[in-house]
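Remarks on the overall topology
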Amino acid sequence: MILFIKLFKESAFFAWGSVVANKLRTLLTLLGITIGIFAIISVFSVVDALEKSIRGSIASLGENVVYIQKWPWEFGSDYPWWRYINRPTPRVSELDEIMRRTQILDAVVFTASTSRTVEFGNRSMERITILTASHDYDKIRSFEIGNGRYFSPTESFNGRNVALIGANIAQNLFNEVDPVGKIIKIFGRNIEVIGVFTQEGDDIFGNSHDDLVLLPVTFVNSFIDVNSDRYNPAILAKGRENFDNDELIDELRGTMRSIRRIKPTADDNFALNQASLLSTQFDNVFSVLKIAGWIIGGFSILVGGFGIANIMFVSVKERTNIIGIQKALGAKNYFILFQFLTEAVLLSLMGGIIGLVMVFGISWLATSILGMNLMLSMKNIMLGINVSVIIGLIAGFVPAWSAARLDPVEAIRTGL
Amino acid sequence: MIEVKELKKSFGELNVLKGINTTFEVGKTNLIIGQSGSGKTVFMKCLVGLLEPDSGGVFFDKNNFTLMNEKQRTKVRKKMGMLFQGSALFDSLTVEENVVFPLEMFNKDMTRKEKLERAHFCLDRVNILDANHLYPAEISGGMKKRVAIARAIANKPDYLFCDEPNSGLDPQTAIVIDRLISEITKEFRITTIINTHDMNSVMEIGDHVIFIYKGNLWWEGSSDEILTTGNKEVEDFVYASELVRKLK
C-alpha cells in the first residue's frame, strides 16, 4: 500500500509536471468541469436559499394550523374560481361554534384584514395593513412584543379601541417618541397604542408584523362588517400537539359542515387550507429548478469529461515507458488502472474545487455586498465533490483501462 | 537454458532474421553483438516475446515459448529478470523500495519482512546496501546500474536479459558492472543474455558470444576465440577502432 501511494505520488508528480508544462491545455480541460460544477452548485445554492426562505415563511404560517377560508390555496391556470365564488365567507359567529364543538383544538382565531391610513398628530401613513383578530391570535402566530403588551382578554372581548403596531410604523409615525399610550387615528377613530411588535424583517410572502396594525376584531366589527368577502376573513385553527393535521382537518370538516348544515351529498362550501399544501406546491417548483441546474451544468460537465478523457489519453501515451517497466516488473492490470483512475479523479476534482471556490466567492459577495442570504452548504460542497469524482472516474476509465491493458513487454519495446 | 531453433522473422519483403540456431546455457553470460541493422535487436525482441517469429521457436528449458498462450508466457516472464537501458528506476521510490517493487508485485505470499530481507540481500550482493534509503536522484549512474541489477535479481530469475547494461557509464565503472553481472550469473546459475556494442564487455565477460550479420548467426564462440576467428566480418567489427588495430 505504501508502495502504491509512493508510485501514485510519482504519477501525480508526472501529471502535475504535465499540468504545469501545458497550463493552457489543462485550463481548457478543467474549464468544462469547473463551469459545470459552478452551474450546478450555484443553481442548487440559490434554490436552497430560496427554499429555506420559503419554508421559513411557510413555517411562520404554522405547520399545524388549518386556515378555514372561502378560497382554497391552489395554483395553476385551471383554478376553478367559479366553483368558489358563491361560497359564504367564514364568520365571527362560526368561531364560537367551532370552539364549542371541537375537542382537539389548542387555539382558534378569526382574522380579517384591510388597508387604511394611519394618523398620529400631523403625520400619517397610507395603505397600512390593518389586521383584526380575535383574542387567541398570539397562540397561533408567533411574534414578539418589544415595547408594551398584548391585548388583555377584556380588551379583546369588549372590543376596546386598542392597537398593537409594527416596528416600521412605530419608526415612521412616532420617530423618537415612545408610541405606547399614544393615540393614533384609523377608520376616523381614536385608538390607543398598547404595544409595538419587535422588528421581524420581510419573509417571502410579505408576512411580517413590521408594517401592520393589529386591532381586536370585536372593536372593528362594531363599525365594519369583518365577515365581508372584501376583508378576506379566515378562521385559523391550531390542533393540539398529539393530533396530526389529517385528524384536525377531518374534525374541522365535520364541524364546519355541521355548523353550515351541509347535506351529506353536497360539496363543502369552505376551504381547509394548510401550510403543507404550499410546501407541496413549492416542492414541484424546486424540483424543476434543480433539474434545470442539472441540465445546464450537465452539458458543461459532459464537455469537461471529454477533456479529462483526452488529457488522460495523452498522459497514458507519454508514460507508456513507465507503465511498461512497472508491468515488466510484475505490476498487475488493476495496479495500473487504479493509478490512472486516481489521476483522472484528481484532475476532475481540481476542476470541481475551482468551481466550488467560485460559487463560494460569489455567495460571499452576494451575502456581504447585496445582503442576500446565499450560502454554500456542506451538502452542496459534498455534491460538487461527488459529481467531480464520478465524472473523473467515468472520463478516466477508458484511458486507464487502455493503460492497464498495455502489452507487458512494452517496457522492452521502449527499452531496446 | 534457452534454445533458439531456426528462428525467422521478416517485415514485408525484408528478411531480418534468416533462420538462427543457438543455445544459451545456464550460468553463462551470452552476448549478442553485431552492427546496427544486423538484426540483433529483432532477435532480442523475439527472445523475450515482443515480436512473434515467422517460423522457428524459442525454448525456455525445453518449453516452446512461441507456442505458449498468454497465461503460460506470464509464468515464464516471472522467471525473467530485466535490466533496462538507463536503469529505469522509479524516481519517487528509494533504492530499497525499487528493489522491493517486483517482490510486491509477484510475491503475495512473502511477508513485508521477508521482502525487505530479500531486497537487502540483493543490495548487499551488488555492494550498495548502504544507499538503501537514498533516492535515485541522489546516487551516481554506476550505483543506479547496481540498483537495477539488484532489482532484476530480486525475484531469483532463471533468465536475465540486459539491454546495453553499461551504456552511459565511464569505462572503469562499465567494467565493474560487467563483472558484477558475470559474477551473479555464475553464482545464481542464471542464463544471462546481453545485447551490447561494447567490445570491452565482450572481452571481459563473454562466455558465449554470437555475432549476427545480415540476419544470420555469422559466428559464435567465446571471447578468447573472437580475436583470432579469421572471419572477415567479425574482424571488421572487432577491429573497427584504429587503436585496437594498432594493438593487434
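Residues numbered from 1 in each chain as written. Chains lettered and ligands numbered in written order. Predicted model: local features only at pLDDT ≥ 70, side-chain atom pairs only at ≥ 80, totals over all residues. Heavy atoms only, no water.

Comments concerning the overall build of chain A
Note the cut-off: The helix count covers DSSP runs of H or I at least four residues long, the strand count covers runs of E at least two residues long, and both are numbered beginning at the N terminus. Accessibility here uses a 1.4 Å probe with only protein chains present; expressed as a share of the type maximum, an area under 20% marks a residue as buried, one over 50% as exposed, and anything in between as partly exposed. Contacts are assigned to residue pairs with any non-hydrogen atoms lying within 4.5 Å of each other. For the accessible areas, the method is Shrake-Rupley and the probe is 1.4 Å, while residue cover comes only from the protein chains on display.
From N to C terminus, chain A includes 14 helices and ten strands. A total of 416 residues make up chain A; the buried ones form 49% of that total. Taking the contacts inside chain A whose residues are at least 6 apart along the sequence as the reference set, 76% of them involve residues at least 24 apart. When the accessible area of chain A is evaluated, it comes to approximately 20500 Å², of which 60% is carbon and sulfur surface.

Focus: the pattern of salt bridges
Convention followed: We count a salt bridge whenever a side-chain nitrogen from Lys or Arg sits within 4 Å of a carboxyl oxygen from Asp or Glu.
Summed over the entire model, instances satisfying the criterion amount to 24 salt bridges over all chains. Measuring nitrogen to oxygen at the nearest pair gives 3.3 Å for the salt bridge that ties A:E192 to A:R160. Of this pair, A:E192 sits in strand β7 (residues 189–197) while A:R160 sits in the loop between α6 (153–158) and β5 (162–165), and the two are 32 residues apart along the sequence. When its relative accessible area of 25% is taken as the criterion, A:E192 is described as partly exposed. Two residues, B:R73 and B:E52, come together in a salt bridge whose shortest N-O distance is 2.8 Å. Here B:R73, found in helix α2 (residues 70–78), pairs with B:E52, found in the loop between α1 (40–48) and β4 (55–60); they are 21 residues apart in sequence, far enough to count as distant. The class of B:R73 is buried, set by a relative accessible area of 6%. Each member of the salt-bridge network shares a partner with another, and the members are A:R149, A:E155, A:R160 and A:E192.

So, a negative patch on the surface
Put simply, the rule is: Patch membership requires over 30% relative accessible area and the absence of a salt bridge. Like charges are linked within 9 Å, and nonpolar side chains (Val, Leu, Ile, Met, Phe, Trp, Tyr) within 5 Å. For the purpose of charge, His is not counted, nor are the chain termini; Lys and Arg are scored as positive and Asp and Glu as negative. Where a charge sits is defined by one atom per residue type, namely NZ (Lys), CZ (Arg), CG (Asp) or CD (Glu).
A cluster of acidic residues, A:D244, A:D246, A:E247 and A:D250, forms a negative patch at the surface. Its place among the elements puts A:E247 in helix α9 (residues 245–259).

Details of unusual backbone geometry
Unlike most non-glycine residues, A:R127 shows phi in positive territory, near 50 degrees. Tracing the chain through its elements places A:R127 in strand β3 (residues 123–133). Given the relative accessible area of 69%, A:R127 is considered exposed. Backbone geometry places B:D61, a non-glycine residue, at a positive phi of 45 degrees. As for its position among the elements, B:D61 is in the loop between β4 and β5 (63–64).

Things to note about the domain arrangement of chain A
The test is simple: Source of the domain bounds: an automatic or database domain assignment.
Assigned domains within chain A: domain 1 (2–57 + 280–415) and domain 2 (88–269). Put simply, the middle of domain 1 of chain A and the middle of domain 2 of chain A, counted by C-alpha atoms, are 55 Å apart.

Considering the environment of A:I128
All names here are of chain A. Following the sequence through the fold, I128 ends up in strand β3. On the basis of relative accessible area, I128 is assigned to the buried category, the value being 6%. Taking the C-alpha atoms as reference points, I128 and G181, separated by 53 residues in sequence, lie 20 Å from one another. Sequence-distant contacts of I128, defined by excluding residues within four places in its chain, comprise T114, S115, R116, V118, I169, D211, L212 and V213.

Thoughts on the sheet that holds strand β10 (residues 216–221) of chain B
Residues and elements named next belong to chain B. The condition is simple: When DSSP locates at least two bridges between a pair of strands, those strands are taken to pair. Only the stretch in contact is used when fitting a helix axis, every axis being a line fitted to C-alpha atoms; angles between N-to-C directions are given from 0 to 180 degrees.
On the basis of which strands lie adjacent, the open sheet formed by six strands has the order β6-β7-β8-β3-β9-β10 and mixed pairing. Looking at which strands have only one partner, the edges of the open sheet turn out to be β6 (80–83) and β10. Neighbour-to-neighbour, the strand axes of this sheet turn through a mean angle of 20 degrees, independent of strand direction. With five bridges connecting them, strand β9 (residues 208–213) and β10 associate as antiparallel partners. Looking at the pairing, Y213 lines up with N216 of β10. In the packing of helix α5 (residues 141–153) onto the sheet, contacts are made with β6 and β7 (159–163), and the angle to β6 comes to roughly 170 degrees.

A look at the packing of helix α4 (residues 92–101) of chain A against α9(A)
All names here are of chain A. What counts, and what does not: Angle categories are assigned with fixed cut-offs, so that under 35 degrees is roughly parallel, over 145 is roughly antiparallel, 65 to 115 is roughly perpendicular, and the rest are oblique. Here a crossing is taken to be left-handed if its near helix is turned anticlockwise relative to the far helix by less than a right angle, and right-handed if that turn runs clockwise. Amino acids are sorted into nonpolar (Ala, Val, Leu, Ile, Met, Phe, Trp, Tyr, Cys and Pro), charged (Asp, Glu, Lys and Arg) and polar (every other residue, Gly among them).
Two elements in contact, α4 and α9, have axes whose closest approach is 10 Å; the angle formed by their N-to-C orientations is 125 degrees. Judged by the inter-axis angle, α4 sits oblique to α9. Relative to α9, α4 is oriented so that their crossing is right-handed. Residues E94, E97, I98 and R101 of α4 lie in contact with α9, whose contacting residues are E251, L252, T255, M256, S258 and I259. Partitioned by chemical class, the residues of the contact of α4 with α9 number four nonpolar, two polar and four charged.

Some details on the domain arrangement of chain B
Residues and elements named next belong to chain B. In plain terms, the rule: A simple way to read buried area is as the amount of 1.4 Å-probe accessible surface that goes missing from two parts once joined, with both sides added.
Segmentation of chain B into domains returns domain 1 (2–79 + 158–247) and domain 2 (90–156). Relative to domain 2, the C-alpha centre of domain 1 lies at a distance of 26 Å. Contact with domain 1, which involves 17 residues of that partner, is made by twelve residues of domain 2. Roughly 1200 Å² of surface becomes buried between domain 1 and domain 2 when both sides are summed, with 72% attributable to carbon and sulfur atoms. In this structure, the connection of domain 1 to domain 2 is made through two salt bridges.

Remarks on the pairing of strand β3 (residues 29–33) of chain B
On a regular strand, each side chain points to the face opposite its neighbour's, so the side chains alternate between the two faces of the sheet. Residue and element names in this part refer to chain B. Where burial is concerned, most of β3 is hidden: five out of the five residues are buried. Going residue by residue along β3, you find T29, L31 and I33 tucked away on one face and N30 and I32 tucked away on the opposite face as well. Pairing between β3 and strand β8 (residues 191–195): four bridges, direction parallel. Bridging across to β8, N30 finds its partner in I193. Taken together, the four bridges between β3 and β9 define a ladder with parallel strand orientation. Counted as the bridge partner of L31 is V209 from β9.

With respect to the environment of A:V118
All names here are of chain A. Locating V118 in the fold gives a position in strand β2 (residues 105–120). Using a relative accessible area of 0% as the deciding quantity, one classes V118 as buried. Along the sequence, V118 and I130 sit twelve residues apart, while their C-alpha atoms lie 9.1 Å from each other.

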